[in-house]
Amino acid sequence: MDQRAPAQALQPPPSRPSGAGFLQSNIREYGMMLSLFVIMVLFEVLTNGTLLKPLNLTNLILQNSYIVIMALGMLLVIVAGHIDLSVGSVVGFVGALAAVMMVQWDIHYVPATIACLAVGALIGAAQGYWVAFFKIPSFIVTLAGMLVFKGLTLALLAGQSVGPFPKEFQLLSSGFIPDLFSVQGLKVTSLVIGLALAAVMVMVNVKGRATQVKHGVENEPFGFFVAKNAIFAGLIVYFAYLLSSYKGLPNVLIVMALLIGLYTFVTNRTTIGRRIYALGGNEKAARLSGIKTERLTFLTFVNMGLLAGLAGLIFAARLNTATPKAGLGFELDVIAACFIGGASASGGVGKVIGAVIGAFVMGVMNNGMSILGVGIDYQQVIKGLVLLAAVFLDVYNKNK
Amino acid sequence: MGAILEMRGISKSFPGVKALSNVNLTVEAGEIHAVVGENGAGKSTLMKVLSGVYPHGSYEGDIVFDGEERRFRTIADSEKIGIIIIHQELALVPLLSIAENIFLGNEPARFGVIDRSFVFRRTQELLRKVGLKESPDTLITNLGVGKQQLVEIAKALSKEVRLLILDEPTASLNETDSAALLDLLLEFKAHGIASILISHKLNEISKVADRITVIRDGATVDTLDCRAEAISEDRIIRAMVGRPLADRYPPRTPKIGEPILSVRDWRVHHPIHQDRVVIKGVSFHVRRGEVLGIAGLMGAGRTELAMSLFGKAYGKRISGSVEMEGRPVDVSTIEKAVDAGLAYVTEDRKTLGLVLAEDIVKNVTLANLPGVSRGTVIDDMQELKVANSYRQSLAIRCSSVYQQTVNLSGGNQQKVVLSKWLFSGPKVLILDEPTRGIDVGAKYEIYSIINKLADDGKAVVMISSEMPELLGMCDRILVMNEGAFVGEFTAAEASQEAIMRSIMQSTMKKTG
Ligand SMILES: Nc1ncnc2c1ncn2[C@@H]1O[C@H](COP(=O)(O)OP(=O)(O)OP(=O)(O)O)[C@@H](O)[C@H]1O
Ligand SMILES: [Mg+2]
């Protein structure tokens, strides 16, 4: 054993990378944040400051929430090595179901909401069943699902729009954090929540770094760490302030933030998250390591269905009606968000934060271009090109 | 004779690792030149530089071939002048035929239409040259590794080859196939084709090599000339490892106890052709503190037996009973098998062993995540500690345990797979070709680990095609042929001849 030591010693010591080196090896993550930032600044300038007006910012979040929420589920599906094309149709179907239950059948909104979420999960299960246990390609199963649920939406609504929803249900989308003590139009509660959020984030990061330092494995230069946290905390507080000067933090934003936190934790720190990455990275090796790959695949689809159900409810509440066209094409934005965020189409690679950023890149572009009056036609062209460019940069960086 | 190839002062770095520093290699026309070195020494990297996998500009130093300096931008550039490489990992398309694979990329065609009869005839000719008796239309999936290796060589011959590079060509071949391949190299030599041979099987090298270049830690440390005087294996080892290696097999005084694993009437059918019986009702046991070897030729059913026991990972319609420590256990899923205390280290590390995109840490803990978790939450630092301890005890050569396993050298990948299963804390560890592609020094380490497991009261089942290894390590050897056990030897009785004889006899009984 010791006789081999000289050979070991010849290796370069685990170097602490310099700032530039660190940036280079983490270019994907920072690059993505940077590009979101650039896009926001770009549209802020192009729209003469309309983009970040409190009213518009609130709208932007409301418009984007369902895409972000579905991107969380889609990321897991993609990491597991699959795809779900049916989510747009599921949004429509669950929204329609909610409308029929609450408006036509007069069911109380609480049981109706729970039932709708359960139906979402059930749809996920029904599709995941074929993918996981019968090894039918997910592309095909969910393509079928897309047609089936689009059709069922039409059938359920009999081609009509159904609404409006009960007041309380609408609050899911249009509600804001109630303010306990308003000071001159500033929603203090919301601002406090924003401050608390920033504080929690900084604390979690500091604690994480402390353990890393203790074990001598931290590799982010200190300056970077401070700058990153300062910028993030600053942005959170700034956006919280902007929102507080209008109606405060939207309820959906809270739901979204909690889900983002939860899924980040699950993917980074838990055994189930780790196993999903292993499954997508090499299914055979994962199975031979004792991982129940089939059940895990099944569960990612159940989870996707559940989140699509939630997104369906939020979207329906936002429009305050269920229409046969609801959810049309959402799957494209959701999948694009994951790939812009650095997920790999062959599975095993991708991060929650990436998918969220990807969703916001799409959202800011949608919103900004609408303000600028770019027609829906060219919006699609530009979004398509941005997707291609983002993935190209990713691949290019990896091969370099 | 003059030099056909000179590589001068080659250096190549990857982020965090200097894989080669100032390596020189000279190959003379028409010689067989062996390149040896420990795992991760940089052999494969050097060959990738030579063949244009790493293009000019991504390394330092000069390549002179045929007296001219060459700057390859792609593999095609090096192939054009006759440098053909057969990589450590075979690169054939499984669902295409032999002929299609041989001409993949340079199909002889008229106006884009492939000239099938020419391809067929030419393939037949090439197959005859390499001594492979198969139809050109046979699909690659239907061939064993040994035959696939020959197809790779036939493919190399289909081009104008002047220098053939073989990176561990015999790693997954049995002795007969290896011998055939080496004879082929000697024949090429007679035709003036030079070759570079990388191998960890030193007996092969001393058999065929004219000269040997030894690489250690990315630098040339020695060049040995075998034509002047015979070079012993020990001499090569001394150059490779930097010290003499007294024993190939660490000593152990076996303390063998009661049976841990007993298998009775184990019968397995082929997963696709379900009426074919692959394992024909075998029974065996392995005791506490025992190292049991399973010998046999390639395709004897050893891997199939192991994988079918390990949670039915292979086969259909499996029947028979399994007992652990005297109690019947259910091993019908891999999870249950692991819980029962079984572990299986696969022979196919790339496709079945590793998640290549993940780092060493995540691969090591994959089979025992609860071992580094509180509830379902993984403790990163605990995990890191575990990975680092295996890195040390198995001498895994890497820039850090956060290195992606895809960038490890073949032998170090093997050690990561082994670590994974050691960490699962098995009672019975089944090792399938555990030292394939592993250098002599590291083999010794792996043998030591096997001995330690046995001393700790575990049982080890070792499947290997290298008979000396079985003879050196095992307390008892079972011989398998065509899905059944045909011989059993204690360490004292076993010999290479005795094992071969029992295989031959059983085959003869069948046919005669
Ligand atoms: N793409 C890469 N990125 C980073 N490191 C690499 C890469 N390829 C090889 N290495 C490192 O370079 C070193 C030499 O690797 P190489 O594959 O040449 O070893 P080898 O001598 O062929 O070993 P083996 O006998 O195990 O096949 C190893 O330490 C390996 O980890
Ligand atoms: Mg190698």
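Note that the structure is a prediction, hence the values are computed from the model and not measured.

### Considering the overall build of chain A
Here's step 1: Along chain A, the regular secondary structure elements total 17 helices and two strands.
Here's step 2: Over its C-alpha trace chain A gives a radius of gyration of 23 Å, about what one expects of a compact globule, namely 21 Å for 400 residues.
Here's step 3: On the principal axes, the C-alpha backbone points of chain A span a range of 80 × 60 × 40 Å.
Here's step 4: A separation of at least 24 residues holds for 79% of the contacts in chain A among residues at least 6 apart in sequence.
Here's step 5: When the accessible surface of chain A is totalled, it reaches about 18,800 Å², and 70% of it is carbon and sulfur.
Here's step 6: Of note, chain A has its 26 positive side-chain charges centred 5 Å away from the centre of its 15 negative side-chain charges.

### Notes on the domain arrangement of chain A
Residue and element names in this part refer to chain A.
Here's step 1: What the domain assignment lists for chain A is domain 1 (38-43 + 53-175 + 250-399) and domain 2 (176-249).
Here's step 2: With centres defined by C-alpha atoms, the gap from domain 1 to domain 2 works out at 26 Å.
Here's step 3: The interface of domain 1 with domain 2 comprises twelve residues on the first partner and ten residues on the second.
Here's step 4: Here domain 1 and domain 2 share an interface that buries about 1,000 Å² over both sides, 81% of which is from carbon and sulfur atoms.
Here's step 5: Counting across the domain 1 and domain 2 interface gives zero salt bridges.
Here's step 6: At the boundary of domain 1 and domain 2, one finds zero residue pairs in polar contact (both at pLDDT 80 or more).
Here's step 7: For the side of domain 1 that touches domain 2, the secondary structure elements donating two or more residues are helix H4 (54-79) and helix H11 (251-269).
Here's step 8: Here the side of domain 1 that touches domain 2 gets five residues from one element, more than from any other, and that element is H4.
Here's step 9: Across the side of domain 1 that touches domain 2, the residue classes tally to eight nonpolar, four polar and no charged.

### A word on the sheet that holds strand S5 (residues 68-70) of chain B
Residue and element names in this part refer to chain B.
Here's step 1: Pairing within the open sheet is antiparallel, and its four strands lie in the order S2-S1-S4-S5. Both edges of this open sheet fall to strand S2 (17-28) and S5, since each of them pairs with a single strand only. Neighbouring strand axes in the sheet, compared pairwise and without regard to direction, differ in orientation by 25° on average.
Here's step 2: Relative to strand S4 (residues 60-65), strand S1 (residues 3-14) is paired through five bridges, and the arrangement is antiparallel. Its bridge partner being in S4, serine 11 is matched across the sheet by glutamate 60.
Here's step 3: In the packing of helix H1 (residues 43-50) onto the sheet, the strands contacted are S1, S2 and S4, and the crossing angle to S1 comes to about 115°.

### A look at the interface of chain A and chain B
Here's step 1: At the interface, 30 residues of chain A touch 43 residues of chain B.
Here's step 2: Both sides of the chain A and chain B interface together cover about 3,200 Å² of buried area, and 57% of this is carbon and sulfur.
Here's step 3: Put simply, chain A and chain B have three salt bridges between them.
Here's step 4: Across the pair A:Arg269 and B:Asp380 runs a salt bridge whose closest N-O atoms are separated by 3.4 Å.
Here's step 5: Where chain A meets chain B, there are nine residue pairs in polar contact (both at pLDDT 80 or more).
Here's step 6: The leading source of residues in the side of chain A that touches chain B is helix H12 (residues 271-281) of chain A, at six residues.
Here's step 7: Among the residues forming the side of chain A that touches chain B, the class breakdown is eleven nonpolar, twelve polar and seven charged.

### Some words on helix H5 (residues 87-104) of chain A
Owing to its 3.6 residues per turn, the α-helix aligns residues three or four sequence positions apart on the same side.
Here's step 1: With 18 residues, H5(A) ought to run about 26 Å at 1.5 Å a step, and its terminal C-alpha atoms sit 25 Å apart, in line with that.
Here's step 2: Counting buried positions over the 18 residues of H5(A) gives 16, a clear majority of the element.

### Regarding the site of ligand 1
Residues and elements named next belong to chain B.
Here's step 1: Around ligand 1, the structure places 20 residues, and the nearest of them are Gly40, Lys43, Ser44, Thr45 and His200.
Here's step 2: Contacts to ligand 1 include serine 44, whose side-chain N or O atom sits 2.7 Å from an oxygen atom.
Here's step 3: Between ligand 1 and the protein, one listed contact pairs an oxygen atom with a backbone N or O atom of asparagine 407 at 3.0 Å.
Here's step 4: Elements that contribute at least two residues to the shell around ligand 1 include exactly S2, H1 and helix H14 (410-423).
Here's step 5: Element by element, the count of residues in the shell around ligand 1 is highest for H1, at three residues.
Here's step 6: Split by residue class, the shell around ligand 1 holds five nonpolar, twelve polar and three charged.

### Comments concerning unusual backbone geometry
Here's step 1: The omega angle of the peptide bond from A:Gly163 to A:Pro164 is -10°, so this bond is cis rather than trans.
Here's step 2: With respect to the secondary-structure elements, A:Pro164 resides in the loop between helix H7 (138-157) and helix H8 (167-174).
Here's step 3: Located in the positive-phi region is A:Asn48, a residue other than glycine, with phi close to 55°.
Here's step 4: Taking relative accessible area as the criterion, A:Asn48 reaches 69% and is therefore assigned exposed.
Here's step 5: Positive phi values are uncommon outside glycine, yet B:Asp265 reaches one of about 50°.
Here's step 6: Inspection of the secondary structure puts B:Asp265 in strand S13 (residues 259-269).

Calculation rules
- Residues numbered from 1 in each chain as written.
- Chains lettered and ligands numbered in written order.
- Predicted model: local features only at pLDDT ≥ 70, side-chain atom pairs only at ≥ 80, totals over all residues.
- Heavy atoms only, no water.
- Helix = DSSP H or I, 4+ residues; strand = E, 2+ residues; numbered from the N terminus.
- Rg over C-alpha atoms; globule rule 2.2 N^0.38 Å.
- Contact = heavy atoms within 4.5 Å.
- Areas by Shrake-Rupley, 256 points an atom, 1.4 Å probe, with all protein chains shown as cover.
- Lys, Arg positive; Asp, Glu negative; His and termini not counted.
- Charge placed at Lys NZ, Arg CZ, Asp CG, Glu CD.
- Domains from an automatic or database assignment.
- Buried area = accessible area lost by both parts, 1.4 Å probe.
- Salt bridge = Lys/Arg side-chain N within 4 Å of Asp/Glu carboxyl O.
- Polar contact = N/O pair within 3.5 Å; in protein donor to acceptor, adjacent residues only side chain to side chain.
- Nonpolar A, V, L, I, M, F, W, Y, C, P; charged D, E, K, R; others polar.
- Pairing = 2+ DSSP bridges.
- Axes fitted to C-alpha atoms, helices over the stretch in contact; angles between N-to-C directions.
- Expected span 1.5 Å × (residues − 1).
- Buried < 20%, exposed > 50% of the residue type's maximum accessible area, 1.4 Å probe, protein only.
- Near = heavy atom within 4 Å.

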